[in-house]
Amino acid sequence: MTVPLLTVRGVDYAYPGGVMALRNLNLTVEKGQKLAILGPNGSGKTTLLLHLNGAFQPTCGEIRLEDRPAGYDRRSLTDWRRRVGLVLQEPDDQLFAATVGQDVSFGPLNLGLTAVETRERVGEALAALRIDHLADRATHTLSFGQKKRVAMAGVLAMRPEILALDEPTAGLDSHGVAHLLDALQRLHEAGTTLVFSTHDVELAYAWADQAAIFQDGTVLRQGETTAVLADRDLLQQARLRPPLLLELAQLLPGPLLRSREAVLAQLQERLQG
Amino acid sequence: MQAIDHHAWTNRWRNRHPVEKLLPALTLLALTLALPPLTIGPLVLAATLLATVRGAGIPLKTVLSVLAAPAAFLLAGAPFLAISVRFHDGFSVQFSPDGLRLAVDTMVRALAATSCLTALILTTPLTDLVPLLRRVGVPTGIVELILLIYRLIFVFAERALTGRQAQAARLGYSSVPRGIRSAGWLAGALFQRALERAQRLELGLTARGYAGELRVLPSECALSWSRLALSMTLVGLIGLTSSLLARGLA
């Protein structure tokens, strides 16, 4: 078996002041995966993601990057952040520069790239998210959905191996979500490993290979999405409802269908026949 | 402010190098302050209006509305310069011809000077000008701070606006005392938000390898020496014409 890209082992984290945010948390991220971290709001998903790129340091336990424990000195952190990119939920927490192009250039310049290389990275990241036309726009004149894409481009420009996204679909309309998922799918096909937190079970069911059910600061179970989401007791414990699509698919005979179109087609056939 | 910002980012001269706009504007400003106002003033006003409206393509209405606020202050204040108040032999208020001349001079000069700055800020976003400070030796930290504040003004202005609307929807401004209290609460909440936001912004920047310096790619527009030379020649001609006119009138 290959070594996972990232392993979280027995991690505890207490906020300054002593409130426990994570307790004995285990998680593995394999190369090429699409991993959904599912949990209700306020369960500490963001805190977990902030551990995945070294922004927070666990009070206990360890995080391993491939076969080595991750370090918290400046050099290790730089390398870690190059490998694991984190996109925050609120884009205004991430965008600071006056124009889109300048903001996206921040990460590559911090990696020590030259102006020429940086310009190339900026173009590449904006193109990957289909927002090349925004390059010269002022950051504060963008719509929420555009800001979200720009925040993502700023992280992509660092070419991370793992892209971690905190509630990527929050606040987007269905068109925005579709646009985002298209972009993520392209990244996935290009070899980027994706980790995202969400409370949207439908999204996880439709889109993730693996799901980790997260509650009260710990992962209750991580595994293949369909298996995890079919575990009713587990979901109930985490105050989540099973996805409607899964429940419908379970009513149909044969192998479990994942896509909305397939389930609807089958149902229609049976209702008419 | 929103209107100024909008035009600064979208006008025809947006992508010209900031020095091409800054230098002529400051030179015109210097001429306005140095030469007799009655001749240079109207020339400068005409030149700046022509530049912003015909050159940069900003609607005349916008330019005039930006100029209107300082002009109103001038109209309200300048007439008092024409009046002199005496305290010996009791108290008397007098209208003096010298004072009138002074009032007109002041008004024309101030308006022309304002128009230079208006032309500059309507055609150039603040964030193009601030990096120039670094070249004249202002420490990087201060320049970064100015740019961050510029960015955050918009974030908080939006918050303040929605917060006020939410309060108004619950009758928070239905009377003056209540309005004052609501505004106080809103200000308090904004301070708290600002602190939280600063912490999260730091996390967001750290995730992208922030190590104490907010470096970004400089903007790519190149300085056109020929355009700069042309506009400086025009500015020089304006100065010359005004001096000749002033001599002729005298």
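Residues numbered from 1 in each chain as written. Chains lettered and ligands numbered in written order. Predicted model: local features only at pLDDT ≥ 70, side-chain atom pairs only at ≥ 80, totals over all residues. Heavy atoms only, no water.

A. Representation of the nonpolar core within the structure. All names here are of chain A. Counting residues in hydrophobic clusters, the biggest one holds 49 residues, and the most contacted among them are Leu 38, Val 104, Met 152, Leu 163, Leu 184, Ile 213 and Leu 229. Taken together, domain 1 (6–237) and domain 2 (243–273) each give at least three residues to this core, which thus spans both. With sequence-adjacent residues up to four places away left out, Leu 184 is seen in contact with Met 152, Leu 163, Leu 165, Leu 194 and Trp 207. Ranked by size, the runner-up nonpolar core spans 32 residues in total, among them Leu 22, Leu 35, Ile 37 and Phe 56. (Core = buried A, V, L, I, M, F, W, Y, C linked by side-chain atoms within 4.5 Å. Buried < 20%, exposed > 50% of the residue type's maximum accessible area, 1.4 Å probe, protein only. Domains from an automatic or database assignment. Contact = heavy atoms within 4.5 Å.)

B. Quick look at the sheet that holds strand E3 (residues 34–38) of chain A. Residue and element names in this part refer to chain A. Ordered in space as E6-E7-E8-E3-E9-E10, the six strands form an open sheet in which the pairing is mixed. Of all the strands in the sheet, the pair left with one neighbour each is strand E6 (84–87) and strand E10 (218–224). The average angle at which neighbouring strand axes cross in this sheet is 15 degrees, direction not considered. Across five bridges, E3 lies against strand E8 (residues 193–198) in parallel orientation. By the bridge assignment, Lys 34 is partnered in E8 with Leu 194. (Pairing = 2+ DSSP bridges. Helix = DSSP H or I, 4+ residues; strand = E, 2+ residues; numbered from the N terminus. Axes fitted to C-alpha atoms, helices over the stretch in contact; angles between N-to-C directions.)

C. Just the domain arrangement of chain A, in detail. Residue and element names in this part refer to chain A. In terms of domain boundaries, chain A breaks down into domain 1 (6–237) and domain 2 (243–273). On a C-alpha basis, the centres of domain 1 and domain 2 stand 32 Å from each other. Listed as interface residues are 12 residues of domain 1 and, on the opposing side, 10 residues of domain 2. Counting the surface domain 1 buries against domain 2, the share from its top three residues, Glu 202, Tyr 205 and Arg 232, is 58%. Between domain 1 and domain 2 we count one salt bridge in total. Arg 232 is the partner of Glu 247 in a salt bridge, and the nearest nitrogen-oxygen pair spans 2.9 Å. Counting every contact that joins domain 1 to domain 2 gives five residue pairs in polar contact (both at pLDDT 80 or more). Every element with two or more residues in the side of domain 1 that touches domain 2 is listed here: helix H7 (201–207) and helix H8 (225–229). (Buried area = accessible area lost by both parts, 1.4 Å probe. Salt bridge = Lys/Arg side-chain N within 4 Å of Asp/Glu carboxyl O. Polar contact = N/O pair within 3.5 Å; in protein donor to acceptor, adjacent residues only side chain to side chain.)

D. Spatial organisation of the domain arrangement of chain B. Structurally, chain B comprises domain 1 (2–124) and domain 2 (133–207). On a C-alpha basis, the centroid separation for the pair domain 1 of chain B and domain 2 of chain B is 31 Å.

E. Structural detail: the sheet that holds strand E1 (residues 6–14) of chain A. Residues and elements named next belong to chain A. Here we have four strands laid out as an open sheet, ordered E2-E1-E4-E5, and antiparallel in their pairing. Two strands lie at the open edges of the sheet, namely strand E2 (20–29) and strand E5 (68–69), each paired on one side alone. Where strand E4 (residues 60–65) and E5 come together, two bridges link them in antiparallel fashion. The partner of Arg 64 across the bridge, within E5, is Pro 69. Contacting E1, E2 and E4, helix H1 (residues 45–52) runs over the sheet at an angle of about 55 degrees to E2.

F. Main features of helix H2 (residues 18–34) of chain B. Residues and elements named next belong to chain B. Compared with an ideal rise of 1.5 Å per residue, which puts 17 residues at 24 Å, H2 spans 24 Å between its outermost C-alpha atoms and is within 8% of the ideal. For H2, the set of buried residues is Pro 18, Val 19, Glu 20, Lys 21, Pro 24, Ala 25, Leu 28, Leu 29, Leu 31 and Thr 32. For H2, the elements touching its buried residues are helix H3 (37–55), helix H5 (97–123), helix H6 (126–135) and helix H9 (225–249). (Expected span 1.5 Å × (residues − 1).)

G. How the structure looks around the interface of chain A and chain B. At the junction of the two partners, chain A supplies 35 residues and chain B supplies 29 residues. The tally of links between chain A and chain B comes to four salt bridges. B:Arg200 is the partner of A:Asp93 in a salt bridge, and the nearest nitrogen-oxygen pair spans 2.6 Å. Joining chain A to chain B, the criterion identifies 12 residue pairs in polar contact (both at pLDDT 80 or more). Counting only elements with at least two residues in the side of chain A that touches chain B, the list comes to helix H2 (74–83), helix H3 (100–110), helix H4 (115–128) and helix H5 (144–156) of chain A. Looking at the side of chain A that touches chain B residue by residue, the classes come out as 16 nonpolar, 11 polar and eight charged. (Nonpolar A, V, L, I, M, F, W, Y, C, P; charged D, E, K, R; others polar.)

H. Geometry of the confidence of the model for chain B. Mean pLDDT over chain B stands at 89; residues scoring 70 or higher make up 100%. Reported confidence for the predicted complex is 0.79 by ipTM and 0.84 by pTM. (pLDDT = per-residue confidence, 0-100.)

I. Just the pattern of salt bridges, in detail. Counted under the stated rule, the structure contains 17 salt bridges over all chains. One connected set of salt bridges, linked through shared partners, spans A:Arg9, A:Glu62 and A:Arg64.

J. Spotlight on the packing of aromatic side chains. With the rule as written, the count across this model stands at eight aromatic pairs over all chains. Ring geometry for A:Tyr13 and A:Tyr15: centres 5.4 Å apart, planes at 80 degrees, overall edge-to-face. These aromatic residues form a ring-pair network of at least three members: A:Tyr13, A:Tyr15 and A:Phe56. Over the ring of B:Tyr173 we find B:Arg164; its NZ or CZ atom is 4.2 Å from the centre of that ring. (Phe/Tyr/Trp six-rings, centres within 6.5 Å; stacked < 30°, edge-to-face > 60°. Lys NZ or Arg CZ within 6 Å of the ring centre and 35° of its normal.)

K. Quick look at the packing of H3(A) against H4(A). Residues and elements named next belong to chain A. Look at H3 against H4: their axes get within 9 Å of each other, and the N-to-C directions meet at 120 degrees. Taken as axis vectors, H3 and H4 run oblique relative to one another. Between H3 and H4 the crossing geometry is right-handed. When H3 is examined against H4, the residues Val 100, Gly 101, Val 104, Ser 105, Pro 108 and Leu 109 are found in contact with a partner set consisting of Thr 118, Arg 121, Val 122, Ala 125 and Leu 126. Of the residues contributing to the contact of H3 with H4, the split by class is seven nonpolar, three polar and one charged. (Parallel < 35°, antiparallel > 145°, perpendicular 65-115°, else oblique. Left-handed = near helix turned anticlockwise from the far one by under 90°.)

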